[in-house]
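Each chain, letter by letter, is given below.
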Amino acid sequence: MTTFHVLSGANASVSHPSIRKIGIADVFDALRLGLNDFREKPSHYVFLCLIYPIAGAVLITWSAGANMLPLLYPLASGFALIGPVAAIGLYEISRRRELGMDSSWPHALRLHRSPALPSILAVAAVLFVIFIAWLLVAQALYEMIFGTVPPASISAFWNSIIGTEEGWNLILIGNAVGFVFAVVVLSISVVSFPLLLDRDVGAVAAVETSIRATLTNPLPIACWGLIIAAGLVIGSIPVFVGLAVIMPIFGHATWHLYRKLVEPDTTGRQA
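Scoring rules and cut-offs
Residues numbered from 1 in each chain as written. Predicted model: local features only at pLDDT ≥ 70, side-chain atom pairs only at ≥ 80, totals over all residues. Heavy atoms only, no water. Helix = DSSP H or I, 4+ residues; strand = E, 2+ residues; numbered from the N terminus. Buried < 20%, exposed > 50% of the residue type's maximum accessible area, 1.4 Å probe, protein only. Polar contact = N/O pair within 3.5 Å; in protein donor to acceptor, adjacent residues only side chain to side chain. Contact = heavy atoms within 4.5 Å. Phe/Tyr/Trp six-rings, centres within 6.5 Å; stacked < 30°, edge-to-face > 60°. Salt bridge = Lys/Arg side-chain N within 4 Å of Asp/Glu carboxyl O. Patch = residues over 30% accessible without salt bridge, like charges linked within 9 Å, V, L, I, M, F, W, Y side chains within 5 Å. Areas by Shrake-Rupley, 256 points an atom, 1.4 Å probe, with all protein chains shown as cover.

### Remarks on the environment of Asn175
And then number 1: The topology assignment puts Asn175 in helix α9 (residues 165-189).
And then number 2: For Asn175, a relative accessible area of 36% translates into the label partly exposed.
And then number 3: Taking C-alpha positions, Asn175 is 9.8 Å from Ser77, a pair spaced 98 residues apart along the chain.
And then number 4: A polar side-chain atom of Asn175 sits 2.8 Å from a polar atom in the side chain of Tyr73.

Pasting the structure below:
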């Protein structure tokens, strides 16, 4: 790392990469290419993403033991908010495979060598702040509807959520609020991390480019978000174990979606 820069790129300027207009078919093609990357060396990618089922089991145990059952669902669904951070190594694997370079899993753990690391950490910090904000809002919603007394047991908590009008109000309002958080994260992260791995443009340009890509392609990005949401639900059902397969595929597919959304750098790779 030659210089420490966060907001702007290495040349102290803010880049504005050009955005392409894509279609729904491009989204599914990116998903297909991500699946191809996963098939190439699946053991490496499952290893990288075992943190998801492990973290899921830890969250369930911690939430039950600490009388924090009301936060179990927000914590689990919060994976979607911080998932782009955990998938950075997978973007790097896809980038290297695209260039015909060695794409073995140790390269996913060597991101500290990237000159864009400070910018990557800055954008990651933003996502973690959003994640914490989501947890605080979710806790406030629960206490507003049910009060501050924690549920006596898992069964009592479940019955209060499924079997009461207040519980269904919490489900509807909570998911609506969570949807807003998810849209914000999707719009600022759909291409920001792959862009920073590909070019050292700075955090501001990465987030701004991601937002422009979302606004330019609202339907394809919405389709991508729905695919991710459905995949996370399916992968989370067996105690998050399915995420060890779902997350690598989505991670690789995100790289290919970035390639379809952002025009290539004609001046040469900066990062």
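### Quick notes on the side chain of His256
And then number 1: Of note, His256 is situated in helix α13 (residues 243-261).
And then number 2: Not counting residues within four places of it along the chain, the set of residues in contact with His256 comprises Ala30, Leu33, Gly34, Asp37 and Ser94.

### Considerations on the packing of aromatic side chains
Both the distance between ring centres and the angle between the ring planes are used here to describe each pair of aromatic rings.
And then number 1: Under the criterion given, the structure shown has 5 aromatic pairs.
And then number 2: Measuring from centroid to centroid gives 6.3 Å for Tyr142 and Phe157, while their planes differ by 45 degrees, and the two rings are tilted. Linking Tyr142 in helix α7 (residues 117-146) with Phe157 in helix α8 (residues 154-162), this pair joins segments that are 15 residues apart in sequence. For the residue pair Tyr142 and Phe157, the accessibility class agrees, reading buried in each case.

### Some details on the pattern of salt bridges
And then number 1: This model, assessed by the stated rule, comprises 12 salt bridges.
And then number 2: One salt bridge connects Arg20 with Glu263, and the closest N-O pair in it is separated by 3.4 Å. One end of the pair, Arg20, is in the segment before α1 (24-40); the other, Glu263, is in the segment after α13, with 243 residues separating them in the sequence.
And then number 3: Overall, the relative accessible area of 27% leaves Arg20 in the partly exposed class.
And then number 4: Linked by salt bridges that have partners in common, Asp26, Asp29, Arg32 and Lys260 make up one network.

### Thoughts on a nonpolar patch on the surface
And then number 1: Taken together, the side chains of Phe179, Val180, Val183 and Val184 define a hydrophobic patch exposed on the protein surface, amounting to about 350 Å² of accessible area.
And then number 2: By the element assignment, Phe179 lies in helix α9.
And then number 3: Accessibility expressed as a relative area gives 55% for Phe179, which makes it exposed.

Function-wise, these values are silent; they only describe arrangement.
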